[in-house]
Amino acid sequence: MFLRISISHKITVGTISRYTNVSPASRPALPLSIVINHVRAIIFRVQAPPRYVHDLNASIAYRPLHEAQSVGYGVVIGVGFFFAAIMLILTTLQLKFFKFSPASSEEFTSASRSIKPGLVCCGIVSAWTWSATLLQSSTVAYTFGKEATLLPHPVDLCRWYGVGGTIQVAMFGMVASKVKQNANGAHTFLEIVKTRFGTSAHILFTFYGFLCILLVCGSLLLGGSATVNALTGMNIIAACFLLPIGIAVYVIFGGLRATFICDWSHTIILFIIIYIFTFQAYGTSPAIGSVSRLYDLLELAGIDTPVVGNQGGSYLTMKSNQGLVFGVVTILSGFTGVFCDQGYWQRAIASHPESTTKAYMLGGISWFAVPWAFASCLGLSARALLTNASPPNFPTYPSPLSPSQTSAGLAAPAAAAVLMGKGGAITVLLVVFMAVTSATSAELIGVSRMTSYISIYRTYFRPNATGDEIVRVSHYFICFWAVWMGCWATILNAANVDLGWLYYVQGSILCPAVIPIGLTVSWSKLTKAGVFCGAIGGACLGMLAWMIGCWKIYGQINITNLALPYSALCSGLTGLLSSGILTVGVSLLNPADYDFSDTRAIATLEDTNRSNSSGDDTPDQTSDTKSSNEKKGTSEKESSLKQPVPDIIEISLEDDEEVRIRSLKMVFRKALIYSSILTLIVVILVPLPMFFSHYIFSKKFYIFWTACSIVWAFASGAFCIVLPLWESRNEIGTILSSAYRSIRKRSSP
């Protein structure tokens, strides 16, 4: 007993000595209850039976809260097919009572280009909320190095993760306005590339497009399956194959509009769950219960396990060297996830021309609340509750999460389990499932369009394919890709590749394609040589910097070191900047003068089929000789009156087109101003002064910071939930009234 007390006393004195060595200006005033809980946790760690005594670097199994795997299968299969059934009902109502039919190829793949900004905003938030958004943003608040020292800083990194996705969405608003201005009839960004630069450039960017989809699908399924496995014990491989199945059902039957409606329903659940965790962590949970207590726990954590590279080792400062590195890597990865992903291009194509940029502005602002509020709540809570929960019920207590567990994204589920017990585990499971299904539906539609439209099928196999044939091929490929996603995730899992690895590597691989893709639709001086030099030369230089940086910084080149932050920074930054310099520089050597007339002439598939049928319908022409002879008997007066009409119509259409282009140019300028101001605020004005001033958050400022995240989350939820309903109130009323009249008609004798 004396030995145990002595050891406990020694550990406690060590902790207190670290506390007294902190400068008075940054020394926290620790409440007595916090000190007692900390000492009790230390004593418990020493006095516990041998099977619970672990070194901080040791790894123990993540204990699922629900040992029955049926819970996991019930969520993955049951909830998935429940939403599929709901979407099928809505699709049936649309087919019977709405003017746009899902059987039409334009409606299936582009929602007839009529989606309003509120629903597009909601779709952006949902599609950009990957499992990585929820899991990785919390995990970066909980990443251990080799010496059990927490590397990144939660407060800084939660914000950086949000910045890394928000400014790209805002900037893509400019590209979206250019799509509507210069290629309004296009179905994919690859179709624009093919029209402007030909087959070779089309093949190059088809490779980048499919590579992006592979990385995104891998991230979605690996993060989702790891969470399901950790919380329920469900087999990871089974989760990888079953997750996409229910999604494919409603995508096949409903098309792109069904995915927007599904995005809206999933976003409602997402924000409700964020609100639940916020109220639990900051209000009702006995483990924390207030923002003030969380602040005290984080200060204690900073004393017990100081953060290398942070001011005073604190978790409550913007002066975080590794946080700044993570911020740059996140921004680079975010650019690739937006500009190279067909899912974002299809939302720009599906939206109404005049409201495209507005939708992306709202989407970027609204999405920022998701990683900021979710990760600030659960990421910080996971760190604070590791050893200070009472009773100590952290899933891996007394050890921290192992590097493999944190890289798999299990910090948020661990915090939820402590805050809400079994209910928290189920809630995280549900929100991750919603994130996976929403983003996966967007990827399924995107890959089906890339395959069946200009990318492969209609370009190289069936140039005269009809709309019905395109829809049928899209259905086939959606089924194929849903199965292939499971195979691909299984391959990555067998190779020990996880969510964290894919997150860092994505920017390293895809950054060289970002600038050439963006300039294809927006810069008239871009040349084919510039595109190839930028995309290929940037990739080569980026790969070279990746290997050299990994070797020089970490000592050796291996799979693990290639996905570490500094390796990803060297590769992504070199690839993006060198690609931009080569693309612009080579193009300016012999600049083009492209007027975008070819891309503006891209017709929708219905228009193409209509022109083909009118030009090839010779049997009808020979059978209608009698009617044509009758037309010859028309009076000269009537024909003379009809003759000038086409000229008048053509002049009117040209005037309308000029007005439309002028309007979209104004929209582009507004998007440029908005995205520039937003980037200036969130990247420079807010973080850099706090970084260089070495400021450590006071309790009052931290409460204000947390209050801002909560208010932002509520405002974003209002945008995403209420605005789509208000904008579509007339259409909803039309469908409901038509359905009611149909029911009354059937029930009446």
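Refer to the preceding data block for the structure.
Predicted, not measured: the structure shown is a model, and the values here were computed from it.

Peer 1: Can you help me understand the overall build of the chain in this one?
Peer 2: Scanning the chain from terminus to terminus reveals 33 helices and zero strands. For the chain, the proportion of its 749 residues judged to be buried stands at 56%. Residue pairs at least 24 apart in sequence account for 85% of intrachain contacts in the chain once pairs closer than 6 positions are excluded.

Peer 1: Even after reading the chapter, I still don't get the state of the cysteines, so can you show me in this structure?
Peer 2: Linking two cysteines covalently via their sulfur atoms produces the bond known as a disulfide. Counted by the stated rule, this structure contains zero disulfides. Cys122 carries a free sulfur, and the closest cysteine sulfur to it, the one in Cys720, is 5.1 Å from it. Given the relative accessible area of 0%, Cys122 is considered buried. Unpaired in terms of disulfides, Cys340 finds its nearest cysteine sulfur in Cys212, a separation of 5.4 Å.

Peer 1: Please explain empty space enclosed by the protein as it appears in this structure.
Peer 2: Where empty space is left can be seen by rolling a probe of water-molecule size over the atoms. Applying the stated criterion to the full structure yields three cavities of 30 Å³ or more. In this structure, the second largest cavity occupies an estimated 40 Å³ of space. Every residue along the wall of the second largest cavity is listed here: Ser126, Thr129, Leu134, His266, Leu270, Val431, Met434, Ala435 and Ser438. When residues of the lining of the second largest cavity are assigned to their parent elements, the largest contribution, four residues, is made by helix H17 (residues 422–452). Tallied by class, the residues present in the lining of the second largest cavity amount to five nonpolar, four polar and no charged.

Peer 1: Got a minute to help me understand unusual backbone geometry in this structure?
Peer 2: In terms of backbone geometry, most residues other than glycine have negative phi values and most peptide bonds are trans. Even without glycine at this site, Phe596 takes up a positive phi of about 60°. Structurally, Phe596 can be placed in the loop between helix H24 (565–589) and helix H25 (597–600). On the basis of relative accessibility, which here comes to 6%, the residue Phe596 falls in the buried class. Non-glycine residue His694 carries a positive phi angle of around 60°.

Peer 1: What exactly am I supposed to notice about the packing of helix H12 (residues 321–339) against helix H20 (residues 499–510) here?
Peer 2: Across the interface, H12 lies against H20 with an axial gap of 8 Å and an inter-helix angle of 65°. Considering the relative orientation of H12 and H20, their crossing is left-handed. Residues Phe326, Val329, Thr330, Ser333, Thr336 and Gly337 of H12 form the contact with H20, whose participating residues are Tyr503, Tyr504, Gln506, Gly507 and Leu510. Split into classes, the residues belonging to the contact of H12 with H20 amount to five nonpolar, six polar and no charged.

Peer 1: Got a minute to help me understand the environment of Asn393 in this structure?
Peer 2: Here Asn393 shows up in the loop between helix H14 (356–384) and helix H15 (403–407). Considering only alpha carbons, one finds Asn393 and Ala415, 22 residues apart in sequence, at a separation of 9.9 Å.

Peer 1: What is the right way to look at helix H5 (residues 117–128) in this model?
Peer 2: Think of an α-helix as 3.6 residues a turn; residues three or four steps apart then line up on the same face. The terminal C-alpha atoms of H5, which comprises twelve residues, lie 16 Å apart, in line with the 16 Å expected from a rise of 1.5 Å per residue. In terms of burial, H5 is a largely internal element, twelve of the twelve residues being buried. When we look at burial in H5, the residues that qualify are Pro117, Gly118, Leu119, Val120, Cys121, Cys122, Gly123, Ile124, Val125, Ser126, Ala127 and Trp128.

Peer 1: I keep staring at the packing of aromatic side chains and nothing clicks. Help me out?
Peer 2: Working definition: an aromatic ring pair is given by the centre-to-centre distance plus the angle between the planes. The tally for this structure, following the rule as stated, stands at 30 aromatic pairs. Plain terms: the ring middles of Phe210 and Trp481 are 6.2 Å apart, the flat faces sit at 55° to each other, and that makes the pair tilted. Of this pair, Phe210 sits in helix H9 (residues 199–232) while Trp481 is found in helix H19 (residues 467–494), placing the two residues 271 residues apart along the sequence. The burial state of Phe210 is the same as that of Trp481; both residues are buried. Ring centres 5.3 Å apart and planes at 50° place the aromatic pair Phe477 and Phe480 in the tilted group. Of the two residues, Phe477 and Phe480 are both situated in helix H19; the distance of three residues between them amounts to about one turn of the helix. Clustering of aromatic rings is evident, with ring pairs tying together Phe368, Trp372, Tyr695, Phe697, Phe701, Phe704, Trp705 and Trp712.

Peer 1: I tried to follow the nonpolar core on my own but got confused; where do I start?
Peer 2: Note that soluble globular proteins tend to have their nonpolar side chains buried in a common cluster. Grouped together as the largest cluster of nonpolar side chains are 177 residues, with contacts concentrated most on Phe172, Phe205, Trp345, Leu378, Trp481 and Tyr702. In terms of residue count, the dominant contributor to this core is helix H10 (residues 236–284) (20 residues).

Peer 1: Before we go on, may I ask you to explain helix H13 (residues 342–350) in this structure?
Peer 2: The buried count for H13 comes to nine of nine residues, which makes it a mostly enclosed element. All of the buried residues in H13 are Gln342, Gly343, Tyr344, Trp345, Gln346, Arg347, Ala348, Ile349 and Ala350.

Peer 1: What is the right way to look at the pattern of salt bridges in this model?
Peer 2: Pairing of side chains with opposite charge becomes possible as their charged atoms draw close. Tallying each qualifying case throughout the model produces one salt bridge. A salt bridge links Lys699 to Asp296, with the nearest nitrogen and oxygen atoms 3.1 Å apart. One end of the pair, Lys699, is in helix H32 (residues 699–727); the other, Asp296, is in helix H11 (residues 291–304), and 403 residues separate them in sequence.

Peer 1: Looking at this model, I keep getting lost on the packing of H32 against helix H33 (residues 729–747). Mind explaining?
Peer 2: For any two helices packed against each other, one specifies the inter-axial angle together with the distance between the axes. Interaxial distance between H32 and H33 falls to 4 Å at its minimum, and their mutual angle equals 65°. Each of Leu725, Trp726 and Glu727 in H32 lies in contact with H33, whose residues at this interface are Arg729, Glu731 and Ile732. The residue inventory of the contact of H32 with H33, partitioned by class, reads three nonpolar, no polar and three charged.

Peer 1: How do you make sense of the side chain of Thr232 when you look at a structure like this?
Peer 2: For Thr232, the position within the fold is in helix H9. You can call Thr232 buried: its relative accessible area is 1%. Within polar-contact distance, the side chain of Thr232 engages the backbone oxygen of Val228 at 2.6 Å. A distance of 3.2 Å separates a polar atom in the side chain of Thr232 from the backbone nitrogen of Met234.

Peer 1: Would you mind going over a nonpolar patch on the surface with me for this structure?
Peer 2: On the surface, Ile673, Ile677, Leu680, Ile681, Ile684, Leu685 and Val686 cluster together into a nonpolar patch covering about 580 Å² of accessible area. By the secondary structure assignment, Ile684 is in helix H30 (residues 645–685).

Peer 1: Looking at this structure, how should I read the environment of Ser200?
Peer 2: Structurally, the position occupied by Ser200 is in helix H9. Residue class for Ser200 comes out partly exposed when judged on its relative accessible area of 32%. The spacing of Ser200 and Phe532 is 332 residues in sequence and 9.3 Å in space, taken between C-alpha atoms. Residues in contact with Ser200, not counting those within four places in the same chain, are Lys528 and Phe532.

Definitions and cut-offs
- Residues numbered from 1 in each chain as written.
- Predicted model: local features only at pLDDT ≥ 70, side-chain atom pairs only at ≥ 80, totals over all residues.
- Heavy atoms only, no water.
- Helix = DSSP H or I, 4+ residues; strand = E, 2+ residues; numbered from the N terminus.
- Buried < 20%, exposed > 50% of the residue type's maximum accessible area, 1.4 Å probe, protein only.
- Contact = heavy atoms within 4.5 Å.
- Disulfide = S-S within 2.5 Å.
- 1 Å grid on protein atoms, 1.4 Å probe; cavity = no way out; pocket = protein on both sides within 12 Å on 5 of 7 lines; lining within 4 Å.
- Points joined across faces, edges and corners; volume = space filled by probe spheres on them.
- Nonpolar A, V, L, I, M, F, W, Y, C, P; charged D, E, K, R; others polar.
- Axes fitted to C-alpha atoms, helices over the stretch in contact; angles between N-to-C directions.
- Left-handed = near helix turned anticlockwise from the far one by under 90°.
- Expected span 1.5 Å × (residues − 1).
- Phe/Tyr/Trp six-rings, centres within 6.5 Å; stacked < 30°, edge-to-face > 60°.
- Core = buried A, V, L, I, M, F, W, Y, C linked by side-chain atoms within 4.5 Å.
- Salt bridge = Lys/Arg side-chain N within 4 Å of Asp/Glu carboxyl O.
- Polar contact = N/O pair within 3.5 Å; in protein donor to acceptor, adjacent residues only side chain to side chain.
- Patch = residues over 30% accessible without salt bridge, like charges linked within 9 Å, V, L, I, M, F, W, Y side chains within 5 Å.
- Areas by Shrake-Rupley, 256 points an atom, 1.4 Å probe, with all protein chains shown as cover.

Everything listed here is a matter of geometry and, on its own, says nothing about what the molecule does.
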